Amino acid sequence: MPEVSAGRPEGACRRRAQLGLRESSTFDALTIHEIQRAARTGIYDIRGGGAKRHVPHFDDLLLLGASISRYPLEGYREQCATDVRLGTRFARKPLRLAIPITIAGMSFGSLSANAKEALGLGASALGTSTTTGDGGMSREERLSSDTLVYQLLPSRYGMNPDDLRRADAIEVVVGQGAKPGGGGMLLGQKISERVADMRDLPVGIDQRSPCRHPDWTGPDDLEIKIEELREITDWEKPIFVKIGATRTYYDVTLAVKAGADVVVLDGMQGGTAATQEVFIEHVGIPILAAIPQAVEALQELGMHRRVQLIVSGGIRSGADVAKALALGADAVSIGTAALVALGDNSPSFEADYAKIGSAAGCYDDWHEGRDPAGISTQDPHLEARLDPQLGGRRLANYLRALVLETQTLARACGKSHVRNLEPEDLVALTIEAAAMARVPLAGTRWIPGMEVR
Amino acid sequence: MTALEDALVDVAKFDLAGEPLRQLNSRLHEACSSGMPRSWQVVNPGGKHSIAVGLDAELDVEIAGHVGYYCAGMNQRANVRVLGNCGVGVAENMMSGLVVIHGNASQSAGASAHGGLLVVHGDASARCGISLKGADIVVEGSIAHLGAFMAQRGRLVVCGDAGHSLGDSLYEATVYVRGSVAALGADCVEQEMRDEDVSELRELLERAEIAAVNAAEFRRYASARELYNFHVDNAGDYRHPDA
Ligand SMILES: Cc1cc2nc3c(=O)[nH]c(=O)nc-3n(C[C@H](O)[C@H](O)[C@H](O)COP(=O)(O)O)c2cc1C
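Anyway, here's the lowdown on the structure attached to this text.

### Some remarks on the overall build of chain A
Here is step 1: Counting its secondary structure elements, chain A contains 17 helices and 16 strands.
Here is step 2: Against the globule reference of 22 Å for 453 residues, chain A gives a C-alpha radius of gyration of 22 Å, in line with a compact fold.
Here is step 3: Per-residue burial over chain A gives 58% buried out of 453 residues.
Here is step 4: Contacts in chain A between residues at least 24 apart in sequence constitute 66% of all its contacts with a sequence separation of at least 6.
Here is step 5: Carbon and sulfur atoms make up 53% of the accessible area of chain A, which totals about 18700 Å².
Here is step 6: Distance between charge centres in chain A, computed from 51 positive and 58 negative side chains, equals 2 Å.

Rendered as C-alpha cells:
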C-alpha cells in the first residue's frame, strides 16, 4: 500500500490518481526520499527501533480455544500460573521470575539513567528481571532492579568483576536481532561525561564498538569463556547466551554445547538504539521463523526446558507472549514496548516531535539524543521529563496487562500454567506463517514443508 | 590440606594434576576473603584454562608451567606469575595487580584490561592489548598483528617488533615500540617521543623488571583522532591493512 507507506492521506493519492499520476511501487515516495537523502549526505541512514517492514509475525497465528475435545479454565477463578525458573542447568542460583516477560538489555548511554531506573522499578514490581547493556551497569538500575542480568558484550565497556559478582545472571551477547553480525554504535551527542567515563572513551566521539569479542571466536572458545565466567563467580550465576536470529538451529545447538544455561533469541523486528537502516531491514529472520528452529535444536539435544529459551523481537501484547510460549519459548523479552510504556512516542509530545522533524508514532532517531520523552537521551533537561517513579508505574501497568492477556488466552486453551501452551494450540492464517512457525494452516492439516499427518 | 593448615605454611601448594580446577579457584577465592594464605604455588597446570581467575586480594600466585586460556582473568590486586607460556586472553579485563608471564603469550593478551600491569617476557601473538581500557602491558619480545586494536586507554610497550595494523582504530591509548613496525593501522600515527615519555617509560620498564632496555630507543604511536567523528570523507580510511 504505497499510500500508507508514503505517509500521505489517502485523499491526496486519490486526487493524484484522478489526474493520472501514478507512484511507482518500486520507487515509492519513501524510496525516492532515501535516494535523495543519500545523494545529499553520502552516508547511510542510522536510526533506532527494529525492522519497520511487514514480516510474518505472531499476528499470523491464531490460538485454538478449548471446547469439547479439550475443556477451558474459568477466568479469574481457576489458577493459571506464570512463574518461570531460568538457569537451572548449571547455576547454583537460578533465577525465579514471577512472570515470563523480562526486560531486554538496553544500555545506559542509549537510555537515560531515569529510563533505566524506571525499567527496574516497573520490572521489580511484577517480580521480573531487567538487563544492563552495552555500557556497563548503572547504579540506578542495580538499585531499582531486584533481578538484574549483566551483559558481557564485544566492547566490554564498563565490564568489571565487581559488577559481575553483583549481577544475578550474566548474558554473553553474541548478537542482536536488529543487527546480527554488527557491533554497537553510540553517536557523539550521547557520549556525555558520565557515559564516556563508564566506557573509558573520550567525550563526544562517535563510538564504533566491535562486532566480535576481543578474546574469543567460535563455539570452542565460547565454551572456555563461559567456563571462565563460571569460575570467576563460583558457578553461582546463570549464564545466558544472546543471539540474533539467522542460522538459528545451528547457533542454538552451539550455544547449548558451549554450556549456556539460557539461550536468548532475538528476531529481526527487535529494537536497537542505533544501527544502519539497511542492517535493520535486511539482515536476520523474523522471530516467528526462528523459534521453531531453536526448539528443534533444543529437543534434539534433549535440552528443551532444561536450557531455557527466551525470545524477543516485536513482542507487544499478551497474544504475542502466549503464542511465543506455545511455540516452545520459556519466556519472552521486551525492549521497544517497554520504552513505549515509559512514554516513548507519546502523542503528548507531538509538538516536540514536529520540531525535530518527526511525529508521534514514527520517532526513531533514538541515536540523536534529542528524545522529547527523556528516554533515549543524555541531555539532563530532557531526561528530567521522565519521572522514574511514574515511568515505572506505567511499565508495571503494561506488564500487568500483558500477564492478564496471556493468562486469558492460556485459560481459554485449558492451561493451568502458561508454559503448558503448546504448538497444538496454534494454527496459521497464511501459508508463510504456517511454514515458518511449523503449525498447520487454519482449517487444514497442512504444514508446508512437512508431510501431512 | 585444610584452610587452617594452609594458613600455617608459608606457601600453599596446589597440584592441578591431582585436584580439579574448581577446587583451586574456590580455594583462591576463599583466600581472597580471609586474607590467608597469601602465597600460593600451583604445580602441574597442564595448560588448563581459567587458572586463578577472579582474584580480588593481594595474593601472590606462582604457576609452575604452561597455562591455557584466560589465566588471571579479571584480576584485581593479585600478583600472578606464570613460569611458562600462556594461552588466549591472559589477564583479560584485569582491573589492577600484576601478571607476569615468563614465556610467550597467545592472542588477545590483556584484552580489555582496565588497570594493573601485564608483563610478557617472551613474545605475544595477535591482538595484544585489544580494547585496552587503562592497563599497562609490557612485552619484552615482539608482538604479532593488530596490537592495541581499538585500545581506549593505557599503554602497550613492545621491546621487539610489532606486526601489521598496529594501533588500528586507536582511541586514547599509547603504544611504544623499540623495533620495527610492519604497518600502522587506520588512524594510528607516530608522534614525537618527548622527555616525559622517556621517563614514564623508564619507570614502567623498571616496574616490569626489564633492565637491559633503553627507554630512549622507543618510538611513540598514538591516535591521529581523525576517525573520532564519522565524516563522509573518511569512509575510505576504514580499509583493509593490506589493501
Ligand atoms: C534502546 C535500545 C537499546 C538496546 N541496547 C542493547 C544492548 O545494549 N545490548 C543488547 O544485547 N541489546 C540491546 N537492544 C536490543 C534489546 O535487548 C532487544 O533484543 C530488543 O529490543 C527486543 O526487541 P523489541 O524491541 O521488539 O522488544 C537494545 C534495544 C533498544 C530498543
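Having seen it, we continue.
### Regarding the layout of surface pockets
Residue and element names in this part refer to chain A.
Here is step 1: There is about 540 Å³ of room inside the second largest pocket.
Here is step 2: When residues of the lining of the second largest pocket are traced back to their parent elements, those giving at least two are α8 (218-232), β11 (239-244) and α9 (248-257).
Here is step 3: The class makeup of the residues in the lining of the second largest pocket is 10 nonpolar, eight polar and three charged.

### Comments concerning the site of the ligand
Residues and elements named next belong to chain A.
Here is step 1: The immediate surroundings of the ligand are formed by 27 residues, with G105, K242, D266, G314 and T336 found nearest.
Here is step 2: At a separation of 2.9 Å, an oxygen atom of the ligand approaches a polar backbone atom of D134.
Here is step 3: Separating an oxygen atom of the ligand from a backbone N or O atom of G335 is a distance of 2.8 Å.
Here is step 4: A total of 610 Å² of accessible area belongs to the ligand in isolation, and the protein chains cover 97% of it.
Here is step 5: Split into classes, the residues belonging to the shell around the ligand amount to nine nonpolar, 15 polar and three charged.

### Structural notes on the interface of chain B and chain A
Here is step 1: With 40 residues of chain B at the interface, the matching set in chain A holds 40 residues.
Here is step 2: Together, the buried faces of chain B and chain A total about 3200 Å²; carbon and sulfur atoms form 53% of this surface.
Here is step 3: Among the residues of chain B in contact with chain A, Y70, M74 and Y171 of chain B are the three that bury the most area, contributing 18% of the side total.
Here is step 4: For the interface between chain B and chain A, the tally reads 20 residue pairs in polar contact (both at pLDDT 80 or more).
Here is step 5: Examining the composition of the side of chain B that touches chain A, we find that five residues originate from one element, helix α2 (residues 21-34) of chain B, more than from any other.
Here is step 6: Taken together, the residues of the side of chain B that touches chain A sort by class into 16 nonpolar, 17 polar and seven charged.

### A look at the pairing of strand β9 (residues 174-177) of chain B
Residues and elements named next belong to chain B.
Here is step 1: The side-chain alternation of β9 yields two buried faces, one formed by T174 and Y176 and the other by V175 and V177.
Here is step 2: Bridging between strand β8 (residues 153-158) and β9 involves four bridges; their strand directions are parallel. Across the sheet, L156 pairs through a bridge with V175, a residue of β9.
Here is step 3: As defined by bridge partners, β9 adjoins strand β11 (residues 219-223) across three bridges and the pair is classed as antiparallel. Across the sheet, residue Y176 finds its bridge partner in β11, namely R220.

### Things to note about the sheet that holds strand β7 (residues 147-152) of chain A
Residues and elements named next belong to chain A.
Here is step 1: Taking strand neighbours across the sheet as the criterion, the eight strands line up as β5-β15-β14-β12-β11-β8-β7-β6 in an open arrangement whose pairing is parallel. Because the sheet does not close on itself, it has two edges, and the strands there are β5 (101-103) and β6 (129-131). Taking the axes of each pair of neighbouring strands and ignoring which way they run, one obtains an average angle of 25 degrees across the sheet.
Here is step 2: Across three bridges, the pairing between strand β14 (residues 308-312) and strand β15 (residues 331-334) is parallel. When the sheet's bridge partners are listed, V311 is paired in β15 with V332.
Here is step 3: Those strands touched by α8 are β7, β8 (169-173) and β11, and its axis lies near 145 degrees from that of β11.
Here is step 4: Those strands touched by helix α11 (residues 287-300) are β12 (262-266) and β14, and its axis lies near 170 degrees from that of β14.

### Observations concerning the packing of helix α12 (residues 318-326) of chain A against helix α16 (residues 388-412) of chain A
A packed helix pair is summarised by two numbers, namely the angle formed by the two axes and the spacing between the axes.
Residue and element names in this part refer to chain A.
Here is step 1: Look at α12 against α16: their axes get within 7 Å of each other, and the N-to-C directions meet at 55 degrees. When the axes of α12 and α16 are compared, the pair comes out oblique. Between α12 and α16 the crossing geometry is right-handed. Mapping the contact onto sequence places G318, A319, V321, A322 and L325 in α12 and L402, E405, T406 and L409 in α16.
Here is step 2: Residue composition of the contact of α12 with α16, by class: six nonpolar, two polar and one charged.

### As for the sheet that holds strand β6 (residues 117-120) of chain B
All names here are of chain B.
Here is step 1: Here we have 11 strands laid out as an open sheet, ordered β1-β2-β3-β4-β5-β6-β7-β8-β9-β11-β10, and mixed in their pairing. One side of each edge strand has no neighbouring strand; the edge strands of this open sheet are β1 (11-15) and β10 (188-191). Pairwise comparison of adjacent strand axes, ignoring direction, gives a mean angle of 15 degrees for this sheet.
Here is step 2: Note: strand β3 (residues 60-64) against strand β4 (residues 79-82), four bridges, orientation parallel. Residue D60 lies in a different strand from β4, and its bridge partner there is N79.
Here is step 3: Strands in contact with α2 are β1, β2 (39-43) and β3; relative to β2, the strand with the most contacts, it is inclined by about 175 degrees.
Here is step 4: Contacts between helix α3 (residues 195-207) and the sheet are confined to β6, β7 (133-139), β8, β9 and β11, with β8 contributing the most and set at about 75 degrees to the helix.

Basis of the calculations
Here the residue numbers are simple positions, counted from 1 along each chain's written sequence. Here chains are named by letter from A upward and ligands by number from 1 upward, in the order in which they appear as written. Predicted model: local features are reported for residues with pLDDT of at least 70 only, side-chain atom pairs are reported and counted for 80 or more only, and whole-chain, interface and lining totals are derived from all residues. Only hydrogens and water are removed before side-chain values are computed, so all heavy atoms of the structure are retained for them. Per the convention used, a helix needs a DSSP run of H or I reaching at least four residues, while a strand needs a run of E reaching at least two, with both numbered from the N terminus. As defined in this context, the radius of gyration uses C-alpha atoms, and a globule is described by 2.2 Å times the residue total to the power 0.38. Working definition: with a 1.4 Å probe on protein chains only, accessible area under 20% of the residue-type maximum means buried, over 50% means exposed, and in between means partly exposed. Contact between two residues is taken to exist if any of their heavy atoms lie within 4.5 Å; hydrogens are not considered. What sets the accessible areas is the Shrake-Rupley method with a 1.4 Å probe; for residues, cover comes only from the shown protein chains. His is not counted, nor are the chain ends; Lys and Arg add positive charge and Asp and Glu add negative charge. The atoms used to mark charge sites are NZ of Lys, CZ of Arg, CG of Asp and CD of Glu. Each cavity reported here is a set of points on a 1 Å grid over the protein atoms alone in which a 1.4 Å probe fits but cannot get out, each pocket an open set with protein on both sides within 12 Å along at least five of seven lines, and each lining residue one with an atom within 4 Å of a point. Grid points are joined across faces, edges and corners, and a volume is the space filled by probe spheres set on the points. Residue polarity is assigned by list, with Asp, Glu, Lys and Arg as charged and Ala, Val, Leu, Ile, Met, Phe, Trp, Tyr, Cys and Pro as nonpolar; anything else, Gly included, falls into the polar class. Neighbouring residues are identified by heavy atoms, a residue being near a molecule or strand if any of them is within 4 Å of it. N or O atoms closer than or at 3.5 Å make up a polar contact, with two conditions inside protein: a donor-capable atom paired with an acceptor-capable one, and, for residues adjacent in sequence, both atoms drawn from side chains. Accessible area that two parts lose when put together, evaluated with a 1.4 Å probe and summed over both, is termed the buried area. Two strands are counted as paired when DSSP detects at least two bridges linking them. Every angle, taken between N-to-C directions, lies between 0 and 180 degrees, and every axis is a line fitted to C-alpha atoms, over only the stretch in contact when it is a helix. Each angle receives one of four descriptions, namely roughly parallel if under 35 degrees, roughly antiparallel if over 145, roughly perpendicular if within 65 to 115, and oblique otherwise. Left-handed describes a crossing whose near helix is turned anticlockwise from the far helix by less than a right angle; the clockwise case is right-handed.

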